[in-house]
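Working through the structure, step by step
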Amino acid sequence: WSTFVLLAALFVLVDALGRDGTFGLALRALDDAFTHGSLLATAGAAVGATVFANAINNLPVAVAASYVAHHAAQPSVAYPLIAGIDLGPNLTMMGSLATIIWLGTLRRLGVFVDPLQYARVGALFVIPALAVSIAWLWLAR
């Protein structure tokens, strides 16, 4: 049940960020990035979604990203946002709800996962996969 309480608190946090204008700032930043080139905007959207998914969690960040994608001047920004939300959360244990649930199960079984080791292994896969995704999305435009 503690996972559900955590998730509810994360959605309250995202709602607060939406009400204080943070989504609008992200939207304006992405629209601005498109004026400087689609590679910058694509990378900014994917990396930004990755950072926020790891800092908060990918599920509430997906809700926020849907708002940004819906209101963006370039609807194609949805694709790099999805890449960041889906690939990015594998950098930290907090990034994905699925990871949080698995870690809870592992703890009950007496298995400890070191957060730094998790991040190191995650970086080995996330960074190259995100870079390839950004390049592909930019080239496929």
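Just so you know, these numbers come straight off a predicted model, no measurement behind them. (Residues numbered from 1 in each chain as written. Predicted model: local features only at pLDDT ≥ 70, side-chain atom pairs only at ≥ 80, totals over all residues. Heavy atoms only, no water.)

Focus on the overall build of the protein chain
Within the protein chain one finds seven helices and zero strands. Along the protein chain, helices (α) and strands (β) appear in the sequence α-α-α-α-α-α-α when read from the amino end. Whereas a compact globule of 141 residues would reach a radius of gyration of roughly 14 Å, the protein chain reaches 16 Å, a difference of no more than 12%. Taking the principal axes of its C-alpha atoms as reference, the protein chain extends roughly 50 × 35 × 20 Å. (Helix = DSSP H or I, 4+ residues; strand = E, 2+ residues; numbered from the N terminus. Rg over C-alpha atoms; globule rule 2.2 N^0.38 Å.)

Side note on the environment of Pro89
Residue position: Pro89 is located in the loop between α5 (78-87) and α6 (97-108). The buried category is assigned to Pro89, whose relative accessible area is 1%. Separated by 59 residues in sequence, Pro89 and Leu30 place their C-alpha atoms 20 Å apart. When near neighbours in sequence (up to four residues on either side) are disregarded, Pro89 contacts Ala53, Asn54, Asn58, Gly84, Gly95 and Ser96. (Buried < 20%, exposed > 50% of the residue type's maximum accessible area, 1.4 Å probe, protein only. Contact = heavy atoms within 4.5 Å.)

Digging into the side chain of Thr42
Topologically, Thr42 is positioned in helix α3 (residues 38-55). With sequence-adjacent residues up to four places away left out, Thr42 is seen in contact with Pro80, Ile134, Leu137, Trp138 and Arg141.

Here's the deal with the confidence of the model for the protein chain
Of the residues in the protein chain, 99% have a pLDDT of 70 or more, and the chain-wide mean is 87. By mean pLDDT, the top-scoring element of the protein chain is helix α7 (residues 115-139) (94), and the lowest-scoring one is helix α2 (residues 22-35) (78). (pLDDT = per-residue confidence, 0-100.)

Some remarks on α7
Look at α7: 35 Å from first C-alpha to last across 25 residues, which is about the 36 Å you get at 1.5 Å a residue. Along its length, α7 shows its largest kink, about 35°, at Ala123. The complete set of buried residues in α7 reads Tyr118, Gly122, Val126, Leu130 and Ile134. Check the buried side of α7 and you find it contacts α3, α5 and α6. (Expected span 1.5 Å × (residues − 1). Bend = angle between axes of the 7 residues up to and from the residue.)

Some points on the layout of surface pockets
In this model, the largest pocket occupies a volume close to 370 Å³. Residue lining of the largest pocket: 18 residues in total, with Ala26, Gly48, Ala49, Phe52 and Val68 positioned closest to the centre. Secondary structure elements with two or more residues in the lining of the largest pocket: α1 (2-19), α2, α3 and α4 (58-71). Here the residues of the lining of the largest pocket are counted per class, giving 15 nonpolar, three polar and no charged. (1 Å grid on protein atoms, 1.4 Å probe; cavity = no way out; pocket = protein on both sides within 12 Å on 5 of 7 lines; lining within 4 Å. Points joined across faces, edges and corners; volume = space filled by probe spheres on them. Nonpolar A, V, L, I, M, F, W, Y, C, P; charged D, E, K, R; others polar.)

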